[in-house]
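Chain residues, written in single-letter form:
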Amino acid sequence: MVLKAGTKLGPYEIQSRLGAGGMGEVYRARDTRLQRSVAIKVLKVEGHENANLQKRMQAEARAISALQHPNICTLYDVGQQDGLDYLVMECLDGETLAQRLARGPLPLPEFFKYAIEICEGLAKAHSGGVIHRDLKPANIMLTAIGAKIMDFGLAKLTPISSPEDLTFSGPLTAAGDIAGTLNYMSPEQVEGGVVTECSDIFALGALFYEMATAQRPFAGETAASVIAAVLSRDVPPISTMRAEFPSALDRLVQICLNKKPEDRWRSVHDIKLQLTELKAQLSSGAQGTPAIQRANSREKIAWVLIALLVLLTAGLVAMLSRRPVSAVHPIRASILPPPNWSFLQSSASISPDGARLAFVGVGPNGETVLWVRSMTSGGAQQLAPADFASVPFWSPDSTRIGFFADSKLKIIDAAGGSPQALCEAPFGRGGAWNRDGTIVFAPSLYGPLLRVSEKGGAPVPVTKLSREGSPQGNRWPFFLPDSKHFLYSVDWTPPEDPSGDGIYVGSLDGGAPKLVTSDFTGNVALAEGRLLFVRDLSLMSQPFDLNSFQLTGTAQPVSDQQVPTYEPMSLSAFSVSQSGAVVYQSVMDLNSQLDWFDPAGRQTGFLAVVSPSDPRISPDGRQVAFASDEGLNGKTYIHLYDLARNVNTRITEGGNEVSPVWSPDGKKIAYVSKQSKSYEIYQVPSDGSGPPELLLKGPRMDHLDWSSTGQIVCSDFARGRPLLAVFSPGQNSLREMHFGAEGRFSPDGHWIAYTLGGPSFRPEVVVEPFPGPGARIQISRDGGAQATWTADGKRIYFVAPDKKMMVADFDPRTLSASAPRVLFQTRIVAPKFILRQYDVARDGRFLINSLAPGSAPPVTVISDWTADKKQ
């Protein structure tokens, strides 16, 4: 049955038919709620009599919902109406790779562009535990913004009667016969064996071969002849047909196409790194000669070293960083954390001499420990357990490490020993250490930078705020070579006058600061005469004149990978040595997930979502609202997850929305939109029946909660130190209460729990009557944040600094609370002041934004990163 234009499937109105495949019909449609074009795949009518096809559609929905990535087609919704099952996906305009190859093979630059993009999408799928099993040109869409992988519906190998692909007549969001295509199946898949990521790697090799030659590597007139080719035939090198393609690419493809899975590349990420390096080699100008043959002796050594780095993670960066600057290209490698540990985001700092890496590791039970490891050996040494240790930095001689923990600035010998506390620093925002033993640091969220001796003593201000009492933050100092001047970031200037934001040069003698640039803020570094910084998630470098303190020349990217920036701290995940090495974390390598835990701390399930934050369970317990950086590009949207159907739907379009909260009746969701310094609070119908409605504008509002009596509380950061403030929908201004953050109303709306902290004491969870007046009751004892009430209002949960989930009984009649007790150890992303990273269902289960168990995202190391910029 073909659907006519104007047919409604839920809120989606059919516009035109795009094509058909073995699974169903594909249509262009209009989402009448969000007013956007979508593509709908409708299961064939006869498919309802075929349970296998229905299972495939369900498998595709589950698979795609977990895979939101710029190079993977996005699933928006899944539904059923009038006996029709359907998927709603991103509508992609362009052509399939199969359609493009019908016109001939790809030119070399185009080949590398799409091959790398396909690798990035497939690597994301594999990292989410999803094997595509039907990778082929018809399942790759080429759009104006790049390649997109489609059709994740294949659940198992099933017989097919023809080796030929199905074809489509227009731009599709999903395409093809999901039973698979013999021409791209691995030998183990053809023989009905175990299918793994290596099976996709085989298909990837076949795909690359066809992209380069416009010929299938394993062709035949019958299914039997295709199977015979897959099992026994070796393909001729690409370079014998396309002379401009290097022999190094032949080797890469041949390894992908090895008959035995164990003889293929171990990961798609490794293949992407090989392609990226090969593309860089070829871009130097000698594209007509195979890269390996034309390399000089230094380049040959570099290729050997990069292989050792990738395979052994032996960290030869210190050796490589001493190579002459005449080397042609940077060398990149990945370093993994210790077994069963993960790198805390933005926690890795390379020593000035490039010999060691200091980092904060998150353990299997959520504990945080300061580590150090040599870059020339694989082992790492634990230095100091701490209360959420953060942002380590090095002494100029690379022998000691400064860091923030237990609300103090501390230093420790890199060889081990006990840490020494220098002074108070409740919310450390960076430090720098000069060769005279002076440390300049930011002790808190706002205020001036301070200076203190490495021997301790009373810290004194070394910068001044542009206006006394303003919520300005001076952060992330970095000493220049003269040990007198330092770079630092100024942000959080008043929203009505943001002109003071930017990067400045300050001086230990208290001289007037000099503005370097107002184009960006955040942590910066200087090496090889270039300023390094992150702008729009891109790690950049630009020449910097040490005499005039001015940027010169043009900014150039250091890496093609995006580097995450934690916006509340203005902190980007990179560090640089003075000996020619950069370490950074990639957006693509960071991972967390929403995990379900029972009251005893046993994990019982998870939600298949991407880069989530601030989960909030609906009043009826059927849905979860959360913020998600679905594209891993720094743009966050509000999503709804239907727990019964396992469907994830995006409900906002702005690109910087956070802190969703349900209205008491569950009919609306309020959230914060951070489109500018003047933040805005919106509400939107939770069923998608209407557009967002502006509730309130304000400077820096966050951490929303909506009481049963109709009032909304937020944390107002307009003055630096957070204030609790409330308003009711329909009001146009906030009523300020007092200092505090992360407010959470009791179920009856008569009490409010929140986090109270200050410059001289650690954050603690307290409770007081709402709207007051009344006594304040402290709930936590040794630090705590993110308070949440039980459904009956008799207990309060909170997260301790060591990431333990805590609970305390609360009796409003006697105005008393019990001693806090430990429930279980979490792997929560962060214990305080990073939105709210968990919620509790009415049945007592916990939904926690957790670091994935067993995950070990690497840090990437680039040596000789300035080589190509000095030629």
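Residues numbered from 1 in each chain as written. Predicted model: local features only at pLDDT ≥ 70, side-chain atom pairs only at ≥ 80, totals over all residues. Heavy atoms only, no water.

A.B. asks: Explain the pairing of strand E30 (residues 538–545) to me, please; I cannot follow it from the model alone.
C.D. replies: Every other side chain in a regular strand lies on the same face of the sheet, so the side chains alternate between the two faces. Pairing of strand E29 (residues 530–535) with E30 involves 6 bridges; the strand directions are antiparallel. Counterpart to Val 534 in the pairing with E30 is Leu 539. Linking two consecutive strands that pair antiparallel, namely E29 and E30, is a turn of 2 residues; a positive phi of about 55 degrees is found at Asp 536 within it. Relative to strand E32 (residues 556–562), E30 runs antiparallel, the two sharing 3 bridges. Its bridge partner being in E32, Ser 541 is matched across the sheet by Gln 556. (Pairing = 2+ DSSP bridges. Helix = DSSP H or I, 4+ residues; strand = E, 2+ residues; numbered from the N terminus.)

A.B. asks: Looking at this model, I keep getting lost on the packing of aromatic side chains. Mind explaining?
C.D. replies: What characterises a pair of aromatic rings is the spacing of the ring centres plus the angle enclosed by the ring planes. Within this structure, the stated rule accounts for 21 aromatic pairs. Relative to Trp 371, the ring of Trp 341 has its centre 5.0 Å away and its plane inclined at 75 degrees; by these criteria the two rings are edge-to-face. Remark: Trp 371 occurs in strand E14 (residues 368–374) and Trp 341 occurs in the loop between strand E10 (331–335) and strand E11 (342–343); sequence separation between them is 30 residues. Using a relative accessible area of 6% as the deciding quantity, one classes Trp 371 as buried. Through successive ring pairs, a cluster of aromatic residues spans Phe 111, Phe 112, Phe 208 and Phe 245. The ring of Tyr 637 carries the charged tip of Arg 650 above its face, separated from the ring centre by 4.0 Å. The aromatic ring of Trp 596 is capped on one face by Arg 845, whose charged end is 4.0 Å from the ring centroid. (Phe/Tyr/Trp six-rings, centres within 6.5 Å; stacked < 30°, edge-to-face > 60°. Buried < 20%, exposed > 50% of the residue type's maximum accessible area, 1.4 Å probe, protein only. Lys NZ or Arg CZ within 6 Å of the ring centre and 35° of its normal.)

A.B. asks: Can you walk me through the pairing of strand E42 (residues 647–650) in this structure?
C.D. replies: Burial along E42 is two-sided: the residues Val 647 and Thr 649 and Asn 648 and Arg 650 are all buried. Strand direction decides the pairing type here: strand E41 (residues 637–642) and E42, joined by 4 bridges, are antiparallel. Bridged to His 639 within E42 is Arg 650. Two successive antiparallel strands, E41 and E42, enclose a turn made up of 4 residues, where Asn 646 displays a positive phi of approximately 55 degrees.

A.B. asks: Help me understand helix H3 (residues 108–127), please; the structure alone is not making it clear to me.
C.D. replies: Because an α-helix packs 3.6 residues into every turn, residues spaced three or four apart end up facing the same way. Here H3 spans 28 Å end to end across 20 residues, near enough to the 28 Å set by a 1.5 Å rise per residue. Burial runs high along H3: 14 of the 20 residues are buried. Looking at the residues trailing H3, positive phi occurs at Gly 129, about 80 degrees. (Expected span 1.5 Å × (residues − 1).)

A.B. asks: Just checking my understanding: could you explain the sheet that holds strand E44 (residues 668–673) for this structure?
C.D. replies: Sheet strands line up and pair through hydrogen bonds in the backbone, either parallel or antiparallel. Pairing is antiparallel in the open sheet, where 4 strands are placed in the order E43-E44-E45-E46. At either end of the open sheet lies a strand with only one pairing partner, and these are strand E43 (657–662) and strand E46 (693–697). Strand-to-strand twist across the sheet, computed as the mean angle between neighbouring axes with direction ignored, equals 25 degrees. Examined bridge by bridge, E43 and E44 share 4 bridges and lie antiparallel to one another. Pairing of Val 661 across the sheet is with Ala 670, part of E44. (Axes fitted to C-alpha atoms, helices over the stretch in contact; angles between N-to-C directions.)

A.B. asks: Help me understand the sheet that holds strand E47 (residues 701–706), please; the structure alone is not making it clear to me.
C.D. replies: If you walk across this open sheet you meet the 4 strands as E47-E48-E49-E50, and the pairing is antiparallel. With partners counted over all chains shown, the strands left at the sheet margins are E47 and strand E50 (735–739), one partner each. Within this sheet the neighbouring strands show an average axis-to-axis angle of 25 degrees, counted without direction. Sheet analysis places E47 next to strand E48 (residues 712–716), joined by 4 bridges and oriented antiparallel. Bridging across to E48, Trp 706 finds its partner in Ile 712.

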